[in-house]
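Notes for the structure review
These are the residues of each chain, in order.
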Amino acid sequence: MLVQTLKGDIDHTELEVRERVWFEANARNIHIEWFHNGEFVRSDGVAIALKTQNISGQQQGV
Amino acid sequence: MANTQAVCTSFKVELMKGIHALGTTVTRGATTKDTIKAALYLASASRGAGDTVYNSTGEVSGTNYTAGGVAVTNATEPTNTGTVAHWTPSASIAYTNVTLSTAFDAVLLYNSTQGDKAVAVYTFGSQTITAGTFTLTMPTNDGTTGLLRLS
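Bear in mind that the values here come from a model prediction, so they are computed numbers and not experimental data.

**Looking at the pairing of strand β4 (residues 84-87) of chain B**
Residue and element names in this part refer to chain B. Of the two faces of β4, the one lined by V84 and H86 and the one lined by A85 and W87 are each fully buried. In this structure, strand β3 (residues 79-81) lies alongside β4, joined through 3 bridges in antiparallel fashion. Counted as the bridge partner of T81 is V84 from β4. Here β3 folds back onto β4 in antiparallel fashion, the turn holding 2 residues, of which G82 has a positive phi close to 60 degrees. Pairing geometry for β4 and strand β7 (residues 148-150), over 3 bridges, is antiparallel. The residue of β7 that forms the bridge with H86 is R149.

Structure below.
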């Protein structure tokens, strides 16, 4: 599988992947960095389960 | 039997569907769903509850990112779980093959059909993307975690 990178399309078997994962109150974030021959060539990011927020609908105000 | 004070659950769902108008409103040209878009903002921006319309101030910029962001996939009608009305985009929001070199940590959902009026701001971990894809994975669409909830 070819992966688009700053150096053009590179087969994924030639890429080293480093992953960072961090958590917030309601979000899990993953950041993946791709290296080719030790050189950074791409990063991807994912934010899972976004913080959610209520939009007020107070029943006491009826 | 006893009466119980409450905002009717059906009303909350119908608010999301644009059925009720307690104030003056627009003349809707069609019965189709509005288009909701998602724009990304720099960690240094000041988006929040005070926003009324989409604003390009503080929006990210970079390769393959178009100002205003991307359209949100909306195949699931607003519904309710118990007394909580909720709506969640039916697919992840993805920005494909972008380079966003300045740290960003927020997305604004807004209604591009109705004058770009703001819907909600959500934050996540500050990050940058280089020649890659940034994906916002949607939460489970229920009364506890749904992205937009009226409770």
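So much for the structure itself; the text now carries on.
**Quick word on the nonpolar core**
Side chains of nonpolar character tend, in soluble globular proteins, to be buried together. In this structure, L40, Y95, L109, F124, F134 and L136 of chain B are the most contacted members of the largest nonpolar core, which totals 33 residues. When contributions to this core are tallied by element, the ones reaching two or more residues are β1 (36-42), β5 (93-111) and β6 (117-137) of chain B. Counting residues per element, this core draws most heavily on β5 of chain B, at 10 residues. The next biggest cluster of nonpolar side chains, apart from the first, holds 7 residues, and it includes V3, L15, I32 and W34 of chain A.

**Let's talk about the confidence of the model for chain A**
All names here are of chain A. On average, chain A scores 83 in pLDDT, and the residues at 70 or more come to 81%. At the low end of the mean pLDDT range in chain A sits strand β6 (residues 53-55), at 59; at the high end sits strand β2 (residues 8-11), at 94. Across residues 58-62 the pLDDT falls below 50, and counting only partners more than four positions away or on other chains, this stretch makes 9 contacts in the model.

**Some points on unusual backbone geometry**
All names here are of chain B. Non-glycine residue N64 carries a positive phi angle of around 70 degrees. Its location among the elements puts N64 in the loop between β1 and β2 (70-71). At D116, a residue that is not glycine, the phi angle is positive and equals roughly 60 degrees. Among the residues examined, D116 registers a relative accessible area of 27% and is labelled partly exposed.

**Some remarks on the pattern of salt bridges**
Should their charged atoms come close, side chains of opposite charge can pair. Here the structure, examined in full by the defined rule, presents 7 salt bridges over all chains. Between D44 of chain A and R42 of chain A there is a salt bridge, with its nearest N and O atoms 2.8 Å apart. By relative accessible area, D44 of chain A is classed as buried at 10%. Across the salt bridge formed by E77 of chain B and K33 of chain B, the nearest N and O atoms sit 3.9 Å from each other. Separated by 44 residues along the polypeptide, E77 of chain B in the loop between β2 and β3 and K33 of chain B in the loop between α1 (9-17) and β1 bring together distant segments of the chain. The partly exposed category is assigned to K33 of chain B, whose relative accessible area is 41%. Look at the salt bridges and you will find they share partners, linking K17, K33 and E77 of chain B into a network.

**Section: the interface of chain A and chain B**
Between chain A and chain B, the contact holds 29 residues from the first and 33 residues from the second. Interface of chain A and chain B: buried area, both sides summed, is about 2,500 Å²; carbon and sulfur atoms make up 49% of it. Put simply, chain A and chain B have 0 salt bridges between them. Inspection of the chain A/chain B interface yields 12 residue pairs in polar contact (both at pLDDT 80 or more). Of all the elements, strand β5 (residues 39-48) of chain A adds the most residues to the side of chain A that touches chain B, at 9 residues. Among the residues making up the side of chain A that touches chain B, the classes are represented as 12 nonpolar, 13 polar and 4 charged.

**Some points on the packing of aromatic side chains**
Residue and element names in this part refer to chain B. Counted under the stated rule, the structure contains 7 aromatic pairs over all chains. Where F104 meets F134, the ring centres are 5.0 Å apart and the plane angle is 85 degrees; that geometry is what we call edge-to-face. Residue F104 is located in strand β5, and its partner F134 is located in strand β6; the two are separated by 30 residues in the primary sequence. Of the two residues examined, F104 and F134, each falls in the buried class. When the ring of F124 is compared with that of F134, the centres are 5.2 Å apart and the planes differ by 40 degrees; the resulting orientation is tilted. The same class applies to F124 as to F134, namely buried. In textbook terms, an aromatic cluster arises when at least three aromatic residues are bridged by ring pairs, as seen for Y65, Y95, F104, F124 and F134.

Conventions and cut-offs
- Residues numbered from 1 in each chain as written.
- Chains lettered and ligands numbered in written order.
- Predicted model: local features only at pLDDT ≥ 70, side-chain atom pairs only at ≥ 80, totals over all residues.
- Heavy atoms only, no water.
- Buried < 20%, exposed > 50% of the residue type's maximum accessible area, 1.4 Å probe, protein only.
- Helix = DSSP H or I, 4+ residues; strand = E, 2+ residues; numbered from the N terminus.
- Pairing = 2+ DSSP bridges.
- Core = buried A, V, L, I, M, F, W, Y, C linked by side-chain atoms within 4.5 Å.
- pLDDT = per-residue confidence, 0-100.
- Contact = heavy atoms within 4.5 Å.
- Salt bridge = Lys/Arg side-chain N within 4 Å of Asp/Glu carboxyl O.
- Buried area = accessible area lost by both parts, 1.4 Å probe.
- Polar contact = N/O pair within 3.5 Å; in protein donor to acceptor, adjacent residues only side chain to side chain.
- Nonpolar A, V, L, I, M, F, W, Y, C, P; charged D, E, K, R; others polar.
- Phe/Tyr/Trp six-rings, centres within 6.5 Å; stacked < 30°, edge-to-face > 60°.

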